[in-house]
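Okay, here's what each chain looks like letter by letter:
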Amino acid sequence: MVTTRQILLTFSLLLLLLSPAFAADIKVFVDQDQLRLDQSFRLYFEANGSVDDDPDFNPLKSDFEILSRNVSSSTSFVNGSFSSKKTWILTLIAKSSGTLTIPAVSFGSDQSPPLSLTIGTADTRTKTSQNKDLYLEVDAQPKSAYVQQQVIYSVRLYRRLEITNASLSDPEFSTGEAISEKIGEDHSYETIVDGRRYLVIERQYAVFPQQQGKLEIAPIRFSGQLLQNQRSFFGPLTQAGPIRRFSSDSVTIDIKPVPSSFTGKTWLPVKNLQISEDWSTDPSQLVVGEPATHTLKLTAHGALASLLPKLTADQLAQFKLYPDQPQLENQYQKQLAVGSREEKVAIIPTSSGKFTLPEQKISWWNTTTDQQETLVIKGRTLQVAPPFITHPPASTESPKQLPAAEPQQPAKVPITSKEDALIWKVLTFICAAGWFLTALVWFRSRKKWAKKAPHVSKVAPSLSQARKKLRQACNNNDVSAAAKVLLEWGKQNWSADPPCNLAEIGRRTNHDLQQQIEQLDKILYSQNATEWIGQELWRVFNQAKGNGLSKNSRKTDQLETLYLK
């Protein structure tokens, strides 16, 4: 009698004998006969039957770059026989030329066979070749330049093929240091080379070398996918083809040091240098205490704005200077960098008289003539008048004598009759009665409204209320509110002689509080947004209560500080 143990043993032996028949058959092949280093190809792993697990393609990465992966599956049932097929499609590009091996890939316990491939070198045919349909050309001008002088680096892609997903790498420097900036947008045009029409895409960069010696620009890398036209029942179709990758030649530029003959303070190699000057007020008509804005703008053709030197002075005798942040701007005109630096400074005279703004000189190197030149900002004479007198002086002229009046003749009184006199008496009585009634009605109505109308008294806010508002504004770091409350407080604290601005309030307080109020005033009128912490002002203000805040005290020996935008 057959036992259960014998049945299980027999079934296991049958599985062992039939297991090779159930193992997946994996084939490996490529889609091209000739493979090149600069062109992608497709590698197929086709499995007939079920595999044990997903494949592990990491071993391929040592010799190939995996650009994309796709999987397709199909099943069929023919003559009572069931079959399945699954295909993995990899798009690869080789990392080196020569004979390379696709290693065995594990699909769980299943494994694909290895495949040997021969990878040809990249296409090095010149652009004059009749078969060259896609190539790069690079150029740099000038080939020899000074440190920080602009070099124009051009990259041109010539093509006779339809491509998609194309990209170019940015310039990298194998030797030396430099700053590079892309100039505008890409430029497309058509040209004919050796009788063949090409579509050209040109990209340009501004390169500024930072050290002397050899500057080598590494090859530019191109990557793009070819588009292929195929015929179908519905007409011609365009589909993505292989990916092409290749590189340009490298470019070497000779970078010269700063010439020993250059005597300027700041090295500036450009094609042209210009300066413009502007005054908000005529410099010959300045007034003590009144601000005037002096503007200088330096423009260089062939340099970035960050390389331009400082223009305005930090100090000037008999003047207070309040400089703005310099405005830097870069643009390109016909592939040439045009950098500008604009500086504005508010000048406030502190005394009257005639003063001299000294001459300035900026030395630069003309890259066209290859010699040093000097840009001169001419000196100016500043005429400062005393402050205007607000109250006109009393007149010292003696009063003019009026001509003597001629003696008047007595007026002639017309003679009227008794009837006319009676009429005038009646009219006078009627008018007097009317005036009396009008006055009586007005008096009664005024008394009535006086009883009804409530009494309203205008009470100015107290100093304690102003202090509370100031404390709240400081805690909220509210610059505008704090300035407004300080002005209200100042008018109440010095009611006999109220201050008209924050600077005047500061001059009537102690030194610490004056500094905090001046900082608040500066931030209030500053062009650049600055964060203000109000707790410090409130702390100093609170400590100064009763000390340095006496009513009707003021200092008049300082010029008002003014901060302009």
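Heads up: these notes are all about the structure in this document.

**Focus: the nonpolar core**
Thought 1: Judged by nonpolar contacts, the single largest core of 27 residues is most densely connected at Leu136, Tyr153, Val155, Phe222 and Ile253.
Thought 2: Breaking this core down by element, the ones donating at least two residues are β10 (134-141), β11 (144-146), β12 (151-159), β13 (163-168), β17 (196-209), β18 (213-217), β19 (221-232) and β21 (251-256).
Thought 3: Counting 23 residues, the second-largest nonpolar core is a separate cluster that includes Ala466, Cys474, Leu513 and Leu520.

**Quick look at the sheet that holds strand β32 (residues 380-385)**
Thought 1: Taken in spatial order, the three strands of this open sheet run β24-β32-β29, and their pairing is mixed. Strand pairing shows two members of the sheet lacking a second neighbour, β24 (286-287) and β29 (353-357), which therefore form its edges.
Thought 2: Examined bridge by bridge, β24 and β32 share two bridges and lie parallel to one another. By the bridge assignment, Val287 is partnered in β32 with Ala385.

**As for the packing of helix α3 (residues 463-475) against helix α4 (residues 479-493)**
Thought 1: Where α3 meets α4, the closest approach of the two axes is 9 Å, and the angle between their N-to-C directions is 160°. Here α3 lies roughly antiparallel to α4, going by the angle between them. Between α3 and α4 lies a crossing whose hand is left-handed. Here Leu463, Ala466, Lys469, Leu470 and Ala473 of α3 lie close against α4, whose contacting residues are Ala481, Ala482, Val485, Leu486, Glu488, Trp489, Gln492 and Asn493.
Thought 2: Here the residues of the contact of α3 with α4 are counted per class, giving nine nonpolar, two polar and two charged.

**Concerning the side chain of His294**
Thought 1: Note on placement: His294 falls in strand β25 (residues 292-301).
Thought 2: Polar contacts involving the side chain of His294 include one to the side chain of Glu277, which spans 2.8 Å.
Thought 3: Sequence-distant contacts of His294, that is, excluding residues within four places in its chain, are made with Glu277, Asp278, Trp279, Glu343, Lys344, Val345, Ile347 and Leu357.

**Quick look at the environment of Ala24**
Thought 1: Mapped onto the elements, Ala24 comes out in the loop between α1 (4-22) and β1 (25-30).
Thought 2: Sequence-distant contacts of Ala24, defined by excluding residues within four places in its chain, comprise Asn48, Gly49, Ser50, Val51 and Asp110.

Conventions adopted
Residues numbered from 1 in each chain as written. Predicted model: local features only at pLDDT ≥ 70, side-chain atom pairs only at ≥ 80, totals over all residues. Heavy atoms only, no water. Core = buried A, V, L, I, M, F, W, Y, C linked by side-chain atoms within 4.5 Å. Buried < 20%, exposed > 50% of the residue type's maximum accessible area, 1.4 Å probe, protein only. Helix = DSSP H or I, 4+ residues; strand = E, 2+ residues; numbered from the N terminus. Pairing = 2+ DSSP bridges. Axes fitted to C-alpha atoms, helices over the stretch in contact; angles between N-to-C directions. Parallel < 35°, antiparallel > 145°, perpendicular 65-115°, else oblique. Left-handed = near helix turned anticlockwise from the far one by under 90°. Contact = heavy atoms within 4.5 Å. Nonpolar A, V, L, I, M, F, W, Y, C, P; charged D, E, K, R; others polar. Polar contact = N/O pair within 3.5 Å; in protein donor to acceptor, adjacent residues only side chain to side chain.

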